[in-house]
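Chain and residue survey
Here is how the chains run, residue by residue.
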Amino acid sequence: MKVIVLEDAAAIGRAVGDIVCNFIAQKPDAVLGLATGSSPVPAYQRMIARRRAGEASFRDVTTFNLDEYCDLPAEHKNSYRTFMREELFSQIDIPLGNTNFLDGNCADEAAESARFSRAIEAAGGIDLQILGIGRNGHIGFNEPGEAFTGDAYKVALTPSTIAANSPYFVDRPMPRYAMTMGVGQILQARKIILVATGAAKAEAVRAMLEGEVTPLCPASALQGHPDVTVYLDPAAAGLLGKNPPAPS
Ligand code: PGA
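Residues numbered from 1 in each chain as written. Predicted model: local features only at pLDDT ≥ 70, side-chain atom pairs only at ≥ 80, totals over all residues. Heavy atoms only, no water.

Along its length, the chain carries 7 helices and 10 strands. A globule of 248 residues ought to have a C-alpha radius of gyration of about 18 Å, and the chain, at 17 Å, matches this closely. The principal-axis extents of the C-alpha atoms in the chain amount to approximately 50 × 45 × 35 Å. Each of the 248 residues in the chain was classed as buried or not, and the buried ones make up 52%. In the chain, 79% of the contacts between residues at least 6 apart in sequence involve partners at least 24 apart. If you sum the accessible surface of the chain, you get close to 10,700 Å²; carbon and sulfur atoms cover 52% of it. Mean positive and mean negative side-chain charge positions of the chain (22 and 28 charges, respectively) differ by 4 Å. (Helix = DSSP H or I, 4+ residues; strand = E, 2+ residues; numbered from the N terminus. Rg over C-alpha atoms; globule rule 2.2 N^0.38 Å. Buried < 20%, exposed > 50% of the residue type's maximum accessible area, 1.4 Å probe, protein only. Contact = heavy atoms within 4.5 Å. Areas by Shrake-Rupley, 256 points an atom, 1.4 Å probe, with all protein chains shown as cover. Lys, Arg positive; Asp, Glu negative; His and termini not counted. Charge placed at Lys NZ, Arg CZ, Asp CG, Glu CD.)

A word on helix α7 (residues 202–210). Here α7 has its buried residues at Ala-202, Ala-204, Val-205, Ala-207, Met-208 and Leu-209. Its buried side turned inward, α7 meets β1 (2–5), β9 (191–196) and β10 (228–232).

Further remarks concern the site of the ligand. For the ligand, the full set of nearby residues is Gly-37, Ser-38, Ser-39, Gly-132, Ile-133, Gly-134, His-138 and Lys-201. Ser-38 is positioned with one of its backbone polar atoms (N or O) 2.9 Å from an oxygen atom of the ligand. Take Lys-201: an N or O atom from its side chain is 2.6 Å from an oxygen atom of the ligand. Here the ligand loses 81% of its free accessible area of 280 Å² to cover by the protein chains. Of the pockets mapped on this structure, the ligand occupies the largest pocket. The residue makeup of the shell around the ligand, split by class, is 1 nonpolar, 6 polar and 1 charged. (Near = heavy atom within 4 Å. Polar contact = N/O pair within 3.5 Å; in protein donor to acceptor, adjacent residues only side chain to side chain. 1 Å grid on protein atoms, 1.4 Å probe; cavity = no way out; pocket = protein on both sides within 12 Å on 5 of 7 lines; lining within 4 Å. Sits in = over half its atoms within 2 Å of the grid points. Nonpolar A, V, L, I, M, F, W, Y, C, P; charged D, E, K, R; others polar.)

Turning to the sheet that holds β9, a few remarks are in order. Note on sheets: strands pair through backbone hydrogen bonds, and any given pair is parallel or antiparallel. Read from one edge of the open sheet, 7 strands run β1-β10-β9-β6-β2-β3-β5, paired in parallel fashion. With one partner strand each, in any of the chains shown, β1 and β5 (99–100) form the two edges of the open sheet. (Pairing = 2+ DSSP bridges.)

A rise of 1.5 Å per residue sets the reference length of helix α1 (residues 9–26), with its 18 residues, at 26 Å; its end C-alpha atoms lie 26 Å apart and thus fit the reference within 8%. Those residues of α1 hidden inside the fold are in contact with β2 (31–34), α2 (41–52), β6 (128–131), β9 and β10. (Expected span 1.5 Å × (residues − 1).)

Let us now look at the nonpolar core. If you look at the biggest cluster of nonpolar residues, it comprises 41 residues, and the most contacted ones within it are Phe-58 and Leu-88. Put simply, the parts of the chain that give this core at least two residues each are α1, β2, α2, α3 (80–87), β6 and β9. Here this core gets 6 residues from one element, more than from any other, and that element is α1. With residues up to four places along the chain from it excluded, the contact list for Leu-88 reads Leu-34, Tyr-44, Met-47, Ile-48 and Phe-83. (Core = buried A, V, L, I, M, F, W, Y, C linked by side-chain atoms within 4.5 Å.)

Let's shift gears to the packing of aromatic side chains. If you walk through the whole model with that rule in mind, you get 6 aromatic pairs. A ring pair is formed by Phe-64 and Phe-116, whose centres lie 5.6 Å apart and whose planes are at 85°; its orientation type is edge-to-face. Here Phe-116 lies in helix α4 (residues 109–122) and Phe-64 lies in strand β3 (residues 62–65), a separation of 52 residues in the sequence. Look at Phe-64 and you get buried, because its relative accessible area is 1%. Seen in terms of ring centroids, Tyr-80 and Phe-141 are 6.0 Å apart; in terms of plane orientation they differ by 20°. Their pairing is stacked. Placement of Tyr-80 in helix α3 and of Phe-141 in the loop between β6 and β7 (153–156) is noted, with a sequence separation of 61 residues between them. Like Tyr-80, the residue Phe-141 is buried in the burial classification. Among the aromatic side chains, those forming a connected cluster through ring pairs are Tyr-69, Tyr-80, Phe-141 and Phe-169. The side chain of Lys-154 reaches across the aromatic face of Tyr-177, ending 5.1 Å from its centre. (Phe/Tyr/Trp six-rings, centres within 6.5 Å; stacked < 30°, edge-to-face > 60°. Lys NZ or Arg CZ within 6 Å of the ring centre and 35° of its normal.)

See below:
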């Protein structure tokens, strides 16, 4: 995996946003895998700025989001569908019909997973996947467990994730379950960019990059992917081993 340390979240956002915009300039009908959470937001802001400057168009882009809460109305302010609309989609020129989400309120999880897999396949597969990483090493909502996961499924969120995300839920308790793309599905993306900032991510980043490949750190599965670039700030890189990458 390639590791790039930049000075702060804003610098990472500019770099990653530019990579996405340059990618879709080359392939206007690119298929993007997108993440929620705070990590990708600076990159989304860069994409919005470049769209406003007339330097990028998302008109023919298709997106698939990694995950969605269960038992939360799609229109609730904390749903990931709402997050993506507010943080990105309403501010760029992508048709909402080109954006795809798992349905966290589906009656049949297996059928929903199959539908999502078919939609990704019909779009030609994900060209570029943006990821964050949880403090516990999760990617998407693939929590530490006994085995790596494959296609999308319903997951019980762990206490670590509930503690990390509960502050966002002011009017109701945070959902305890989510639908998430599986690790195997994430690994099918042709190119992956993972963003991590802050000291709270340092141990997960170390385990991902330098630990053994184990479902106890779902992000460690990325070691087996041929095209992953990890963008870190110095705090998130703080526990990397003997030869930590120099800030560039
Ligand atoms: P964050 O979440 O970007 O809000 O830190 C990342 C994640 O949990 O995957």
